[in-house]
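Examination of the molecular architecture
What follows is each chain in one-letter form.
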Amino acid sequence: MAHQWQGLINEYRERLPFKESDLVVTLYEGGTPLVPAPALSARVDAEVYVKVEGANPTGSFKDRGMTTAISQVKQTDTKIVAAASTGNTSASASAYAVAAGLESAVILPAGKIAMGKLAQAIVHGAKLVAVDGNFDDCLRITRELTDKYPVALVNSVNPYRLQGQKTAAFEIVDQLGDAPDIHVLPVGNAGNISAYWMGYNEYAGKKVSYSMGDSALNLPPVSTKVPQMWGVQAWNSAPFVLGAPVENPETIATAIRIGNPASWDYAVAARDDSGGWIDRVTDEQILEAQAILAAEVGVFVEPASAASIAGLLKAGEAGKVPAGAKIVCTVTGNGLKDTATALENRELDLDPIAPTLDAAVSLLGL
Ligand SMILES: *Cc1c(COP(=O)(O)O)cnc(C)c1O
């Protein structure tokens, strides 16, 4: 019988802060496709793969951190979880809260959430709080709220989130047989780049400062190296590139529209200790990369996810991609979450034809 994926805690429990006897809350997240992308490989003269995190149960990588964070909350007496969100965290937190039998509250920047993500929070029964402010304001409010009331914080400042998210690096090494040379991903609040860096290090038998417990070091190393970490931000939401928080971050890539990243020090360590860099790309470059990935690879991602592809293509044009390097780009969320942005600049010619084969053939030019 073929092995059926059991959710990431069950698959990687010996490397996570859960005992064999701990019950876990899972929607069977993780185990996402690592897809070879020959069209991208040709463009940058390397061997490029995309890690398709939009294939997770709620359509983004946030599910990886939510199975661990909500499983931990479930072991306590707390009955409500809360998260500040640009959209995907709210979709994931509310879905996992349902699976756990908990209530969820999500704190969102008003008017800056893609409709698909808002729909998810609504159908999963989250209590919605729309704030006249940006994500950074929402996170500040959520931190104060969860400090003062019996409500558990499930943003990525909750250390269990990064524990779950690090498993994406494990999956990549398990599939490729060793770590890639370079890992490229979008950077917003910077939890994910920190989580990948932890995962790659633990699989190589090394520990970073925020590793939890010693489980990672009691096991034999799986990989022989760690990759360079390349982070990509949106042009007007690029605090790491500018070296300071950004007051009013703006970008169509709402999932990385963040001016004051919570995991600042971890992300800087990932960048510097890996010999990598963090760059920025324009909204135009993001939309172009989104279109290329959809039309030439067959993977439809949301704008924030396309930032990693845009960053890779930009690096390729600048001659910064080593020939033949093995490169993994994380594409963080599903394109179906934000169809409005994907269709914005497209001509849609959907005038109906007569219901005949001839009319269809003539329209198709066959
Ligand atoms: C959350 C999110 C990001 C940013 O990840 P961080 O850990 O905040 O850096 C990027 N893309 C998508 C689709 C996301 O949901």
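Our subject is the structure that appears above.
Per chain, residue numbering runs from 1 following the sequence as it is written. Only residues with pLDDT of at least 70 get local features here, since the model is predicted, and only at 80 or more are side-chain atom pairs given and counted; chain-wide, interface and lining totals rely on the full set of residues. To obtain the side-chain values, all non-hydrogen atoms of the structure were included, while hydrogens and water were left out.

**Brief notes about the pairing of strand S5 (residues 127-131)**
Put simply, the rule is: Each pair of strands is called paired provided DSSP finds at least two bridges between the two strands. Comment: elements are numbered from the N terminus, with helices defined as DSSP H or I runs of at least four residues and strands as E runs of at least two. Look down the strands so they point away from you; if going from the first strand over the helix to the second traces a clockwise path, that crossover is right-handed.
Pairing geometry for strand S4 (residues 103-109) and S5, over five bridges, is parallel. From the neighbouring strand, Ala 105 faces S5, where its bridge partner is Lys 127. For the handedness criterion, the β-α-β arrangement of S4, helix H5 (residues 115-123) and S5 is classed as right-handed.

**Overview of the sheet that holds S4**
Quick reminder of the rule: A fitted line through C-alpha atoms represents every axis, and for helices the fit uses only the stretch in contact; the resulting angles, taken between N-to-C directions, go from 0 to 180 degrees.
Within the open sheet, the four strands sit side by side as S5-S4-S3-S6. Their pairing is parallel. This sheet does not close on itself; its edge strands, each paired only once, are S5 and strand S6 (151-153). Adjacent strand axes in the sheet meet at a mean angle of 25°, parallel and antiparallel pairs treated alike.

**Topic: the side chain of Ser 308**
Worth spelling out the cut-off: Only protein chains enter the accessibility calculation, which uses a 1.4 Å probe; a residue whose area is less than 20% of its type maximum is buried, one above 50% is exposed, and one in between is partly exposed. Pairing of N or O atoms within 3.5 Å defines a polar contact, subject to two protein rules: one partner must be a possible hydrogen donor and the other a possible acceptor, and residues neighboring in sequence count only if both atoms are side-chain atoms. Any two residues whose heavy atoms approach within 4.5 Å at even a single point are treated as in contact.
Within the element layout of this structure, Ser 308 appears in helix H13 (residues 303-317). For Ser 308, a relative accessible area of 0% translates into the label buried. There is a polar contact of 2.9 Å between the side chain of Ser 308 and the backbone oxygen of Ser 305. Once residues lying within four places of it in the same chain are set aside, the contact partners of Ser 308 are Val 184, Leu 185, Pro 186, Val 232, Cys 329, Thr 330 and Val 331.

**Describing the nonpolar core**
Applied cut-off: Buried Ala, Val, Leu, Ile, Met, Phe, Trp, Tyr and Cys residues that are joined via side-chain atoms within 4.5 Å together make up what is termed a nonpolar core.
Among the nonpolar cores identified, the biggest contains 48 residues, and Ile 70, Val 81, Val 154, Ile 193, Tyr 196 and Tyr 200 are the most heavily contacted of them. Mapped onto this core, the elements with two or more residues apiece are helix H1 (8-12), helix H3 (62-74), strand S3 (80-84), helix H4 (88-100), helix H7 (159-165), helix H8 (167-176), helix H9 (191-203) and helix H11 (264-273). Looking at this core element by element, the count peaks at seven residues for H9. Each residue touching Tyr 196, except ones within four places of it in the same chain, is listed here: Lys 51, Glu 53, Ala 168, Ala 169, Ile 172, His 183, Leu 185, Met 229 and Thr 330. If you look at the next biggest cluster of nonpolar residues, it comprises 36 residues, including Ala 37, Val 44, Ala 255 and Ala 289.

**Details of the site of the ligand**
Note the cut-off: Distances are taken per atom, and a residue is near a molecule or strand as soon as one of its heavy atoms is within 4 Å of it. Only the protein chains shown count as covering a residue, and every accessible area follows the Shrake-Rupley method with a 1.4 Å probe. Each residue is assigned to one of three groups, with Ala, Val, Leu, Ile, Met, Phe, Trp, Tyr, Cys and Pro labelled nonpolar, Asp, Glu, Lys and Arg labelled charged, and all others, Gly among them, labelled polar.
As a matter of local geometry, the ligand sits amid 16 residues, with Lys 62, Asn 88, Asn 189, Asn 192 and Thr 332 nearest to it. At 2.6 Å from an oxygen atom of the ligand is found a side-chain nitrogen or oxygen belonging to Lys 62. In isolation the ligand exposes 380 Å². Once the protein is present, 96% of that is buried. Contributions of two or more residues to the shell around the ligand are made by H9 and H13. Among the residues making up the shell around the ligand, the classes are represented as six nonpolar, eight polar and two charged.

**Some thoughts on the packing of H4 against H5**
This is how it is decided: In these notes the angle categories are as follows: under 35 degrees is roughly parallel, over 145 is roughly antiparallel, 65 to 115 is roughly perpendicular, and the rest is oblique. Helix crossings are classified by the rotation of the near helix relative to the far one: an anticlockwise turn of less than a right angle makes the crossing left-handed, while a clockwise turn makes it right-handed.
Axis separation between H4 and H5 bottoms out at 8 Å; the angle between their running directions is 20°. As the angle between them shows, H4 and H5 are arranged roughly parallel. H4 and H5 meet at a crossing whose hand is left-handed. Between H4, through Asn 88, Ser 90, Ala 91 and Ser 94, and H5, the contact on the second element is made entirely by Lys 117, Gln 120 and Ala 121. A class-by-class count of the residues in the contact of H4 with H5 yields two nonpolar, four polar and one charged.

**Thoughts on the packing of aromatic side chains**
Where we set the bar: For Phe, Tyr and Trp, rings pair up if their centres lie within 6.5 Å, where Trp contributes its six-membered ring, and each pair is then called stacked (planes under 30 degrees apart), edge-to-face (over 60) or tilted (otherwise). Only when the NZ atom of a Lys or the CZ atom of an Arg is both within 6 Å of the ring centre and within 35 degrees of the ring normal do we say a charge sits over the ring.
According to the stated counting rule, one finds eight aromatic pairs in the structure shown. Ring centres 6.3 Å apart and planes at 35° place the aromatic pair Tyr 196 and Tyr 200 in the tilted group. With Tyr 196 and Tyr 200 both in helix H9, this residue pair falls four residues apart, about one helical turn. Classification of Tyr 196 by relative accessible area gives buried; the value is 0%. Above the ring of Phe 170, the side-chain terminus of Arg 15 is found at 5.7 Å from the ring centroid. The residue whose ring lies beneath Arg 280 is Trp 235, and the NZ or CZ to ring-centre distance is 3.9 Å.

**Re the sheet that holds strand S8 (residues 228-234)**
The six strands are arranged S1-S2-S10-S7-S8-S9 in an open sheet whose pairing can be described as mixed. The sheet is open, and its two borders are formed by strand S1 (34-36) and strand S9 (277-281), each paired with just one other strand. Recorded for the sheet is a direction-independent mean angle of 25° between the axes of neighbouring strands. The pairing of strand S7 (residues 182-186) with S8 spans five bridges and is parallel. The residue bridging His 183 from the neighbouring strand is Met 229, located in S8. The strands touched by H8 within the sheet are S1, strand S2 (47-52), S7 and strand S10 (326-331), with S2 carrying the most contacts at an inclination of about 135°.

Shape descriptors only; they carry no functional weight alone.
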